[in-house]
Amino acid sequence: MPGKETSSHRPWLGRVAVVSLLIATSLIAVAQDVRAAATIRIPADFATLAEAVDAAEPGDTILVAPGTYPGGVRVFTPDLKVVSEAGPALTILDLDPHPGRITVDSEATGFKIEGFTIEGADTSNAIDSVAGDTIVRNNTFARNYTGSGSIVEMRLGGTIRSNLFTGNSCYAVAELDNSALFVNNLVVNNPNCGGVEVGEGSVEVVNNTFVGNDFALHLEETTGELRNNIVHDNRYSVSLNAPAYPVGLHTNLFWDSPPYDEQDDPAGWNGNIAADPRLSVNKPGLLGYGLKPSSPAIDAGVSGGLPATDFFGGIRKVDGDGDGAAKVDLGAIEYMSGIASLSGSAAYPSGHPAYAACVNLWLDDGGLVSTTEVDADGGYAFVAPAGMY
């Protein structure tokens, strides 16, 4: 009829409807893609790490309650975090039976594992990562027997930070290539196991303490940055497959650890020093390897690219020698790191006559770092709170 509009006279309405439907469909799809990251709990949701990892989606966190769990798993999911609730002392990943290990595949970028005792690896790596940014942090690696293999292998980069390696039998605690960073670790009392093999690329081995191992450093290339480390009482300090020491081997302390075979001693060259590091006593139930006030390692390091905290989470750069300038120390533990105050001083039991007092170390934000024994000349050894080390 004249003057009456019909839908046939308004074809644009159909087009608008189609476009609106497409937009709505797209928004639904986007909403599904941006699923909120979930927290998966072991053992509440799944009994084992392998089951939890298989169920996880990108961005999830797997939170593990205290206990002992089989640890062998292969990770394909990106941005996955595996974290313990209560720390290494109470949470164990047992990689036995063979060939249990944690394999991080190339697509599992952003993987992080933190807060476990990892033990029982037999003839194969405990952790083998071919992703470039894996983070291995605040774990204890003990009782692993990897034969000619390493405990942690990172060939494409990644970070190994603030871990304790002790009581292992292996070729090396870590094999590193490309941009891998090994920082703030204690590698101690592994007489049948070496420290770190440094391969090609821009590997950094910074502010670690190596004591009582087969070797501290094995250098395959003349590249890499190896600084601010303490190397003490190892069978060998450095073994070398490269034609010469890299210029990046500087500002380390070597003591009672001869170089392999007839190689030149790196001490006295390129800012490396030969001196007793004056480390605190290590005793059953105590984690030593802190610096005594007379240690030449105090304020002796060079800064640059360091985490803000040390092995225990204390402030990394403090004025340890009282000269008014805050400088980084050598080794994994900063001298009296993070102390805002000392509290709880008390006479130590007479059964330990070498120790004069027991004090607590506090961070500036009020958090307790650890309890420590202080001996007559000021050295100290840490008793970590439950859930740390």
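The numbering scheme is per chain: residues are counted from 1 as the chain's sequence reads. In keeping with the predicted nature of the model, local features appear solely for residues at pLDDT of at least 70, side-chain atom pairs appear and are counted solely at 80 or more, and the whole-chain, interface and lining totals rest on all residues. Hydrogen atoms and water are omitted, and side-chain values are computed over all heavy atoms in the structure.

Some details on the overall build of the protein chain
Starting at the N terminus, helices and strands are each numbered in turn, a helix being any DSSP run of H or I of at least four residues and a strand any DSSP run of E of at least two. In terms of regular secondary structure, the protein chain is built from two helices and 34 strands. Counting only residues that meet the buried cut, the protein chain has 50% of its 389 residues in that class. Two residues form a contact once any of their heavy atoms are found within 4.5 Å. Within the protein chain, contacts between residues separated by at least 24 positions form 42% of all contacts whose residues are at least 6 apart in sequence. Carbon and sulfur atoms provide 56% of the accessible area of the protein chain, an area that totals close to 16,500 Å². Partly exposed describes any residue whose relative accessible area lies between the buried limit of under 20% and the exposed limit of over 50%, with all areas from a 1.4 Å probe on protein chains only and scaled to the type maximum. The accessible surface values rely on the Shrake-Rupley method and a 1.4 Å probe; as for residues, cover is taken only from the protein chains in view.

Examining the packing of aromatic side chains
We describe a pair of aromatic rings using the distance from one ring centre to the other and the angle between the two ring planes. Centres within 6.5 Å make a pair out of two Phe, Tyr or Trp rings, where for Trp the six-membered ring is used; the pair is then stacked when the planes are under 30 degrees apart, edge-to-face when over 60, and tilted otherwise. What the rule picks out here adds up to seven aromatic pairs. The interplanar angle of 90 degrees and the centroid separation of 5.0 Å between the aromatic rings of Phe311 and Phe312 together place this pair among those described as edge-to-face. Phe311 sits in the buried class, given a relative accessible area of 2%. A relative accessible area of 6% means that Phe312 is categorised as buried.

Concerning the sheet that holds strand β19 (residues 192-198)
What the eight strands build is an open sheet, ordered β4-β7-β10-β13-β16-β19-β22-β25; its pairing is parallel. Each edge of the open sheet carries a strand with a single partner, namely β4 (73-75) and β25 (236-240). Each strand of the sheet is rotated relative to its neighbour by a mean of 15 degrees, with strand direction disregarded. Strand pairing is defined by DSSP finding a minimum of two bridges between the two strands. Sheet analysis places β19 next to strand β22 (residues 215-219), joined by three bridges and oriented parallel. If you follow Val196 over to β22, its bridge partner there is Leu217. Axes, fitted as lines to C-alpha atoms, cover a helix only where it is in contact. Angles between the N-to-C directions of the axes lie from 0 to 180 degrees.

Focus: the state of the cysteines
Working definition: a disulfide is two cysteine sulfur atoms within 2.5 Å of each other. Following the criterion strictly, the structure yields one disulfide and no others. Two residues, Cys170 and Cys193, share a disulfide whose sulfurs are 1.6 Å apart. Of this pair, Cys170 sits in strand β16 (residues 169-176) while Cys193 sits in strand β19, placing them 23 residues apart in sequence. This pair shows no difference in class: Cys170 is buried, exactly as Cys193 is.

Quick look at the sheet that holds strand β27 (residues 253-255)
Strand order in the open sheet formed by 10 strands is β3-β6-β9-β12-β15-β18-β21-β24-β27-β28, with parallel pairing between adjacent strands. Two strands in the sheet have a free side with no partner beyond their single neighbour: β3 (67-70) and β28 (273-274). Note that strand β9 (residues 117-119) and strand β12 (residues 140-142) share two bridges and pair parallel. Its bridge partner lying in β12, Thr117 is registered against Thr140.

Observations regarding the confidence of the model for the protein chain
Scored from 0 to 100, pLDDT reflects the predictor's confidence in each residue. Put simply, the protein chain has an average pLDDT of 80, and 75% of its residues get 70 or more. Confidence drops under a pLDDT of 50 for residues 1-9, and excluding neighbours within four residues, the segment shows two contacts in the predicted structure. Confidence drops under a pLDDT of 50 for residues 338-371, and excluding neighbours within four residues, the segment shows 79 contacts in the predicted structure.

Structural notes on unusual backbone geometry
With an omega dihedral of 10 degrees, the bond running from Ile42 to Pro43 counts as a cis peptide bond. Assignment of secondary structure puts Pro43 in the loop between β1 (39-42) and α2 (49-55). Its identity is not glycine, yet Asn138 carries a phi of approximately 60 degrees, on the positive side. With respect to the helices and strands, Asn138 occurs in the loop between β11 (135-137) and β12.

Focus: the pattern of salt bridges
By definition, a salt bridge exists where a carboxyl oxygen of Asp or Glu is found within 4 Å of a side-chain nitrogen of Lys or Arg. Scanning the entire structure with this criterion turns up 13 salt bridges. Glu119 is the partner of Arg143 in a salt bridge, and the nearest nitrogen-oxygen pair spans 2.6 Å. Placement of Arg143 in the loop between β12 and β13 (150-154) and of Glu119 in strand β9 is noted, with a sequence separation of 24 residues between them. Under the relative-accessibility criterion, Glu119 is labelled buried at 14%.

Quick word on the environment of Ala244
Looking at the secondary structure, you find Ala244 in the loop between β25 and β26 (249-250). Put simply, Ala244 and Glu220 are 24 residues apart on the chain and 10.0 Å apart in space, counted from C-alpha to C-alpha.

Examining the pairing of strand β18 (residues 186-190)
The buried count for β18 comes to four of five residues, which makes it a mostly enclosed element. As defined by bridge partners, strand β15 (residues 164-166) adjoins β18 across two bridges and the pair is classed as parallel. For Phe165, the partnering residue across the bridge sits in β18 and is Val187. As paired strands, β18 and strand β21 (residues 209-213) are joined by four bridges and run parallel to one another. Paired with Val188 across the bridge in β21 is Val211.

Description of the environment of Ala44
Position of Ala44 among the secondary structure elements: in the loop between β1 and α2. Owing to a relative accessible area of 65%, Ala44 belongs among the exposed residues under this scheme. Residues Ala44 and Val64, spaced 20 residues apart in sequence, show a C-alpha to C-alpha distance of 9.1 Å.

What to know about the pairing of strand β5 (residues 81-84)
Side chains Val82 and Ser84 project from β5 onto a buried face, and the interleaved Lys81 and Val83 project onto a face without burial. One ladder, built from three bridges, connects β5 with strand β8 (residues 112-114); its direction is parallel. Residue pairing in the sheet places Val82 in a bridge with Ile113 of β8.

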